[in-house]
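Secondary and tertiary structure notes
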Amino acid sequence: MRGTLVAAALLAPFAFLPAPQWLMGLPAGNAWRNTATEWIAGTAITLGVALTLAILSRGTPALWREGLATRAGLALDRRAPWVALAAAIAYAAVARLVFSGRPLTIDEILQHYQALIFAGGRLALPTAPHPEFFTAVHVVDHAGRTFTHFPPGWPAMLTPGVLLGAPWLVAPLCGAVAVLAWWWFLRAEDEPAPVRAGALLLLAFAPFTLFMSGSELNHAPTLMWLMVAAAALVQGMRAPAARPALALLAGLAFGAAATIRPVDALAFAIPAAAWYLARALREPARWRDALAAAAGVALPMALLLWFNARTTGHPLTFGYELLWGKSHGLGFHLDPYGRMHTPRRGVAQVSAYLLRLQGYLFEWPVPSLLAPLAALALWTRRLRAGDRYLLASAALLLLLYVAYWFDGLTLGPRFVYLLVPVAALWTARLPGAVRARAGAGLPLRVTMYAFVVAVAIGVALNVPLRWRQYASSLNTERWDADAAARDAGVHGALVLVRESWGSQVIARLWGLGIRRSDAEGIYRRVDTCILDRAVASLERAGIRGDAAWARLAPLKRDSARVVRSTISPDGTERVLPGTAYPPGCVAQVLADRRGYTHHMPLLLATGNGNVYARDLGTRDTLLLAQYPGRPVYLLTGTPAPAGSWRPPRFVPLRADSLLAAARAGDDARAGAPALPAAAPAPAR
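None of the values given here were measured: they were computed from a predicted structure.

Definitions and cut-offs
- Residues numbered from 1 in each chain as written.
- Predicted model: local features only at pLDDT ≥ 70, side-chain atom pairs only at ≥ 80, totals over all residues.
- Heavy atoms only, no water.
- pLDDT = per-residue confidence, 0-100.
- Contact = heavy atoms within 4.5 Å.
- Disulfide = S-S within 2.5 Å.
- Helix = DSSP H or I, 4+ residues; strand = E, 2+ residues; numbered from the N terminus.
- Buried < 20%, exposed > 50% of the residue type's maximum accessible area, 1.4 Å probe, protein only.
- Axes fitted to C-alpha atoms, helices over the stretch in contact; angles between N-to-C directions.
- Parallel < 35°, antiparallel > 145°, perpendicular 65-115°, else oblique.
- Left-handed = near helix turned anticlockwise from the far one by under 90°.
- Nonpolar A, V, L, I, M, F, W, Y, C, P; charged D, E, K, R; others polar.
- Pairing = 2+ DSSP bridges.
- Expected span 1.5 Å × (residues − 1).
- Salt bridge = Lys/Arg side-chain N within 4 Å of Asp/Glu carboxyl O.

1. A word on the confidence of the model for the chain
- The share of residues in the chain with pLDDT of 70 or more is 97%, and the mean pLDDT across the chain is 93.
- For residues 666-684, every residue scores under 50 in pLDDT, and the model assigns this stretch 36 contacts once sequence neighbours within four places are set aside.

2. Focus on the state of the cysteines
- Going through the model one piece at a time under the given rule, you end up with 1 disulfide.
- Residue Cys 529 pairs covalently with Cys 585 via a disulfide, S to S 2.0 Å. The chirality of the disulfide connecting Cys 529 with Cys 585 is right-handed, given an S-S dihedral of about 80°. Remark: Cys 585 occurs in helix 27 (residues 583-594) and Cys 529 occurs in helix 25 (residues 528-541); sequence separation between them is 56 residues. Pair check on accessibility: Cys 529 and Cys 585 agree, each one buried.

3. Details of the packing of helix 5 (residues 80-97) against helix 10 (residues 207-214)
- Remark: helix 5 packs on helix 10, axes separated minimally by 7 Å, with the N-to-C direction vectors making an angle of 60°. The angle between helix 5 and helix 10 places the two elements in the oblique class. Between helix 5 and helix 10 lies a crossing of right-handed hand. Residue-level inspection shows Ala 90, Tyr 91, Val 94 and Ala 95 of helix 5 in contact with helix 10, the latter providing Thr 209, Leu 210, Phe 211, Ser 213 and Gly 214.
- A breakdown of the residues in the contact of helix 5 with helix 10 according to their chemical character gives 6 nonpolar, 3 polar and no charged.

4. Overview of the sheet that holds strand 3 (residues 145-148)
- Across the sheet, 3 strands lie side by side as 1-3-2; this open sheet has antiparallel pairing. The open sheet has two edge strands with one neighbour each: strand 1 (125-126) and strand 2 (139-142).
- When strand 2 meets strand 3, the two strands line up antiparallel, connected through 4 bridges. Counterpart to Val 140 in the pairing with strand 3 is Phe 147.

5. Brief notes about helix 14 (residues 287-311)
- In this model, helix 14 (25 residues) spans 36 Å end to end at C-alpha, consistent with the 36 Å of a helix rising 1.5 Å per residue.
- Among all positions of helix 14, only Asp 289, Ala 290, Ala 292, Ala 293, Gly 296, Pro 300, Leu 304, Phe 307, Asn 308 and Thr 311 are buried.
- Of the surrounding secondary structure, the elements contacted by the buried residues of helix 14 are helix 6 (106-119), strand 2, strand 3, helix 12 (244-258) and helix 13 (262-282).

6. Notes on the pattern of salt bridges
- Counting across every chain of the model gives 23 salt bridges.
- Glu 520 is the partner of Arg 524 in a salt bridge, and the nearest nitrogen-oxygen pair spans 2.2 Å.
- Owing to a relative accessible area of 36%, Arg 524 belongs among the partly exposed residues under this scheme.
- Across the pair Arg 561 and Asp 558 runs a salt bridge whose closest N-O atoms are separated by 3.9 Å.
- On the basis of relative accessibility, which here comes to 27%, the residue Asp 558 falls in the partly exposed class.

This is how it looks when you write it as structure tokens:
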């Protein structure tokens, strides 16, 4: 059809060419040229081997059996629940063997933290007297309540896993249910058996699905709910009469997805709503479906709005808006980091997602989007209603993320994870499209063998590489603090977690009531020592909120000359060339060189009766007063040779020594002799 050809032609430049660089006025660069070289070489090898096998199969009947794909598809179709079970086992294996059964990224850790709050029977925790010691980048401390800025849907789903001691198993189960729902969708669409089998296997075992469903990111449950919604929608629409029960299920699933990832749910719910409305206008009896779907959406949304009202204070105010301001939302405006998000930047960002998807989706030597785009271009039959629904939802998803400022790259281009079912379906349709155009001859055989070769190379080479990459990263986040504290005999203690100097300064900005976006912006534009001393002055004077920001904002006047620090191992810190550092700032740089760790993963450390608080230097005396009589430890990192990692260590401290150091630190900050800040960092 002409429409599918146009869609393929529109997407191809953004999926294969260096559009992100061109749109931003930059040259293609070596990275894209290297990727293009790999694509060309991988495609040549795959097609070369496939062509050889196709030619050999003409004289060797054992290499080609007519009707084999149809028979295999029918057999697999009867065993789809077993495919889902195998997928669940694979996802669980990834969760344990690759991700150590732990939340590792910022989003995972903090949504798990919210699940711990829910598991304790609360919507939020009471805010600590000095939240800067305990808070994190996506944690909201508002009106005496502490909670994370994420919608509550995924933390609520994690809560039973937390209570049962197996939160790592929740996402694999969601992935398996998504596979079953996808099978239901394909049957409702009456796809041919070979296409149904191929699309089922591609969704279930695509490496992107495999790793995402083994993590605690919220994309696997979102996919699950939206696949349930799409299957119920299509099944109901194909029925000869109204099916309000199916419509209610679809609505509930759309609403549940909205409590996890509202933008993703919106992309799939708007075309569904248009479909229900159009059908009802043509067939008045179908208003029962439309109203049932609306009622289904309303229930989870009511719970979401109730959660907002009880936490942020207003049902329509989300945590991330309260924390970051309007700049966090969709649209073309200054983002929370002070950069202008424009339509050009948005299109460049989405193009980058498509380019990354070429590798992360299937991990084949051939670009992953080559097959689905080729199938779209070759398609000759009329699109089914379900096809139009999926394509419309995919297009709307891309358009919505054009208007979103953040670049979501975690385990792949996660913001377009919902394109996996669409890509799987059209990839599975490619052999049929080739047959329709060229018959059952050599082109079809080359296509089929190309799939076999691509899968074999991906499984043998590329997937193990990705497995090792993920399994060897984020070592500090994998570290079991509760077990380590138990082994070290640390019980009922106040544990001061030594973060980098820059991380301490940011936390202290939050403690002054500076909005997250303003704190991030000034931190990236001001010399860390200058900012540290300004913050200390405001802390001593008790100045907070807007008054504090009015004092800090003028510090950005030299932002054009500020550069990344070369004197500290924390490259996020900033230096104004020519600035002389007093002893207090030099001491902070030297402390960074001796080692530091991260406080945020310790939000999940709940054993041994320990309290883990961020070490904030002279302000630690506030904690000593809040937790009198506890033994005190410093938890700090140890520098390690490049490519290696050493676990953090517990160092016992004396409370009286901390008090003396605090008095000396105040004197140093007040104006000790200046020292140059140009000393190079030692080799690490």
